[in-house]
Amino acid sequence: DPDAWEEVLDEGSFGGDYQDLIPPDAEPEAYKTDRYSLVRGTVLDDNETPMEGVTISILDAPEYGSATTGDNGQFTIPVNGGLHVTVKAALDGYASSQRKVEVFWNDIVMMETIELVPLDPVKTQIYFNGDPNNVMVHSNYADGQTLVMVFTGDNIAIGTNADGEEIPTDTLIVSGTHYKDAREMPAELPPTTEFTYCAEFRAEGYEDVEFEKPVVLWLPNTYGFDVGTEVPLGFYDRTQGKWIPRDNGVVVQLLDLDGDDTVDAVDADGDGEPDDINESGIFTDEVLGLDQIDEAV
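For every chain, the first residue of the written sequence is number 1, and numbering continues from 1 along that sequence. At least 70 in pLDDT is required for a residue's local features to be given in this predicted model, at least 80 for side-chain atom pairs to be given and counted, and no such filter applies to totals for whole chains, interfaces and linings, which use all residues. Derived side-chain values reflect all non-hydrogen atoms in the structure, with water molecules and hydrogen atoms excluded from consideration.

Participant: Would you explain the sheet that holds strand β13 (residues 157-160) in this entry?
Facilitator: The pairing criterion for strands is at least two bridges between them, as found by DSSP. Secondary structure follows DSSP: runs of H or I at least 4 residues long count as helices, runs of E at least 2 residues long count as strands, and numbering of each begins at the N terminus. The three strands are arranged β14-β13-β17 in an open sheet whose pairing can be described as antiparallel. In this open sheet, the two strands that pair with only one neighbour each are β14 (166-169) and β17 (208-211). Here the average twist between neighbouring strands, direction ignored, is 30 degrees. By the bridge criterion, four bridges tie β13 to β14 in an arrangement that is antiparallel. Within the sheet, the bridge partner assigned to G159 lies in β14 and is I167. The convention used is that axes are lines fitted to C-alpha atoms, helices contributing only their stretch in contact, and that angles between N-to-C directions extend from 0 to 180 degrees.

Participant: I'm lost on the pattern of salt bridges in this one. Help?
Facilitator: Pairs can form between side chains of opposite charge whenever their charged atoms are close. The salt bridge definition used is simple: a Lys or Arg side-chain nitrogen within 4 Å of an Asp or Glu carboxyl oxygen. Throughout the structure, instances matching the rule amount to eight salt bridges. A salt bridge links E115 to R183; the shortest N-O distance between them is 3.2 Å. One end of the pair, E115, is in strand β9 (residues 114-118); the other, R183, is in the loop between β15 (171-179) and β16 (198-203), and 68 residues separate them in sequence. For E184, the salt bridge goes to K180, with nearest N and O atoms at 3.0 Å. Beyond isolated ion pairs, a larger network of salt bridges with shared partners links D46, K180 and E184.

Participant: What is the right way to look at the sheet that holds strand β3 (residues 67-68) in this model?
Facilitator: Where strands meet in a sheet, backbone hydrogen bonds hold them as pairs that are either parallel or antiparallel. Spatial ordering of the open sheet is given by β3-β2-β5-β7, a layout of four strands whose pairing is antiparallel. Edge positions in the open sheet fall to β3 and β7 (97-103), since each of these has one partner strand only.

And the structure:
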């Protein structure tokens, strides 16, 4: 109802001049005449082609509704200035992106270009049947690198759906998508962190999945870090809009102890000898699943 906007935004004000940009699904009472501002930007795909039809919204602020990019990839969404807002960009088939931007009162903010990455189409069905000897691997080769996840049948998975319900499940369909650079990342990195490697891990039908036992993740040592180097890990929580630290990983060297061209141990400290990382008394359980991989990790 256009009259509703006139009741909130004073005629002749900054907001009055741009009130036609307010999304139809926004709440009129959310906007304040003296703070009304605009956030503008552009969304490209990973080939830097403008993306049409991308949904733009503001994290934790449903009252601002949602905008959509045009055929030039550009968008405008009104917000109240005087604070930082987190802009969300989402399109089916792509990994969503969030970017934080500072907005002043009665201002037009041009934010940095957002790039969306298509979700990797390679998927693997994982079964949790209680059998620790049931070793299942998801792997895909993209951008010249191999990404590997290893699951065992005795793990327990609890998925969270779009409604926030936690549901135990004995089957998952998993995938992994590689981000090539910082511009493609799901969010800007913390100021003390530099881009090295990032991947999007998904389970079809779930917003999040928690496992009772660790899921082993193998990534390439692209930058040639020394064996034994600790690798800081973290993930971006799109619900909270922030990066969450995890336990560090470690750079290892894959070993073939018996010369049969199959990985059967790892060196985790750089001395060239196999290491029993989980203190199980054997070396082979550190490399479960790698015999199923064709490409080198």
